[in-house]
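Coordinate inspection notes
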Amino acid sequence: MFSFRRPAGAGNLRAHSLRQLYRKFLSENTREARGQRLLRDWLTPEQRRQLEANGYFEVTGCDSGKRYRIYRGRMTNVYEMDDLGSPRKGWCFVPFGFLAVGDVMLAQKIALETSEDAALAVANRFVPKNGLPSGHP
Amino acid sequence: MATLIVMDHTGDTRTYFDAKDAQALANAEVQFRKLAARGFTAAVRNETGEVTRVRSFDPNAEEILFFPRLVGG
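Residues numbered from 1 in each chain as written. Chains lettered and ligands numbered in written order. Predicted model: local features only at pLDDT ≥ 70, side-chain atom pairs only at ≥ 80, totals over all residues. Heavy atoms only, no water.

1. Let's talk about the overall build of chain A
Along the backbone of chain A there are five helices and five strands. Of the regular secondary structure in chain A, the N- to C-terminal order runs α-α-α-β-β-β-β-α-α-β. For chain A, with 137 residues in total, the buried portion stands at 42%. Of the contacts formed within chain A by residues at least 6 apart in sequence, a portion of 56% connects residues at least 24 apart. (Helix = DSSP H or I, 4+ residues; strand = E, 2+ residues; numbered from the N terminus. Buried < 20%, exposed > 50% of the residue type's maximum accessible area, 1.4 Å probe, protein only. Contact = heavy atoms within 4.5 Å.)

See below:
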């Protein structure tokens, strides 16, 4: 006859697994995690590759054709690049309200790609100092 | 199911609706107009990730994303 009794310790293992699964669920459903997922979903494949490799992605301004680099962060994270890949100036603009980092970056991307002049009209300019951020947290 | 995604302090709030349901479509359009009136920007994307700003409700869009008005940082 087969015995279907659980081996000793199986209950603890099951509880441990359930706790781990619950923690994973919680960590993947924080607003920051959701923001990162939304951002990744809305990037082009090339932008996604840049973000994963370098901690930033680049967009092209719809009105000027200029290249912008968007680094991880909520503020002072957008740089207008020159043809040589150096930062020409920095632009600071964010969606109103305290949004997740991924959401801010996505809004910045969409704004520059669809309403560049309007986005820069509300932005504060800053001078890039000490080169560009490292791109990695 | 079509989706309206609104960026907010929780991350984002999603409203799913059946685009074949006339009432659900009408409700979605009402929500679109309310958000637009509050200064939200609406955008859609295609399969390659190219984004377009939309100024009126598109009943054929699978996903419409909204983010609040921009301010200087």
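Continuing now.
2. With respect to helix α4 (residues 101–114) of chain A
Compared with an ideal rise of 1.5 Å per residue, which puts 14 residues at 20 Å, α4 of chain A spans 20 Å between its outermost C-alpha atoms and is within 8% of the ideal. Across the 14 residues that make up α4 of chain A, a large majority, 12, are buried. (Expected span 1.5 Å × (residues − 1).)

3. What to know about the confidence of the model for chain B
For chain B, the mean per-residue pLDDT works out to 95, and 100% of the residues sit at or above 70. If you check the scores for this complex, the pTM reads 0.85 and the ipTM reads 0.95. (pLDDT = per-residue confidence, 0-100.)

4. Examining the interface of chain A and chain B
Contact with chain A, which involves 29 residues of that partner, is made by 25 residues of chain B. For the pairing of chain A and chain B, the buried interface totals around 2,300 Å² over both sides, and the portion due to carbon and sulfur atoms is 65%. Counting the contacts that link chain A with chain B gives one salt bridge. A salt bridge links Arg-34 of chain A to Asp-12 of chain B, with the nearest nitrogen and oxygen atoms 3.4 Å apart. Our count for the chain A to chain B interface comes out at nine residue pairs in polar contact (both at pLDDT 80 or more). (Buried area = accessible area lost by both parts, 1.4 Å probe. Salt bridge = Lys/Arg side-chain N within 4 Å of Asp/Glu carboxyl O. Polar contact = N/O pair within 3.5 Å; in protein donor to acceptor, adjacent residues only side chain to side chain.)

5. Section: the packing of aromatic side chains
The description of an aromatic ring pair rests on the distance of the ring centres and on the angle between the ring planes. In the structure shown here, the tally under the stated rule is six aromatic pairs over all chains. With a centroid separation of 5.5 Å and an interplanar angle of 80 degrees, the aromatic rings of Tyr-79 of chain A and Phe-126 of chain A are classed as edge-to-face. In this pair, Tyr-79 of chain A sits in strand β3 (residues 78–81) while Phe-126 of chain A sits in strand β5 (residues 124–126), placing the two residues 47 residues apart along the sequence. The exposure class assigned to Tyr-79 of chain A is buried, which follows from its relative accessible area of 7%. The buried category is assigned to Phe-126 of chain A, whose relative accessible area is 18%. With a centroid separation of 5.5 Å and an interplanar angle of 70 degrees, the aromatic rings of Phe-32 of chain B and Phe-66 of chain B are classed as edge-to-face. One end of the pair, Phe-32 of chain B, is in helix α1 (residues 22–37); the other, Phe-66 of chain B, is in strand β5 (residues 63–67), with 34 residues separating them in the sequence. The ring of Phe-96 of chain A has Arg-69 of chain B lying over it, and the distance from NZ or CZ to the ring centre is 4.5 Å. (Phe/Tyr/Trp six-rings, centres within 6.5 Å; stacked < 30°, edge-to-face > 60°. Lys NZ or Arg CZ within 6 Å of the ring centre and 35° of its normal.)

6. Considerations on the pattern of salt bridges
Residues and elements named next belong to chain A. Enumeration over the complete set of coordinates arrives at 13 salt bridges over all chains. Glu-58 serves as the salt-bridge partner of Arg-67, at 2.7 Å between the closest nitrogen and oxygen. Classification of Glu-58 by relative accessible area gives buried; the value is 14%. Three or more residues joined by partner-sharing salt bridges are found here, namely Arg-31, Glu-32 and Arg-74.

7. Remarks on the side chain of Asp-82 of chain A
Residues and elements named next belong to chain A. Looking at the secondary structure, you find Asp-82 in the loop between β3 and β4 (87–95). Notably, Asp-82 is buried but unbridged: the nearest opposite-charge side chain belongs to Arg-67, and the N-O separation is 5.7 Å. In terms of polar contacts, Asp-82 uses its side chain to reach the backbone amide nitrogen of Leu-84, at 2.8 Å. If sequence neighbours within four positions are ignored, Asp-82 has contacts with Arg-67 and Arg-88. (Lys, Arg positive; Asp, Glu negative; His and termini not counted.)

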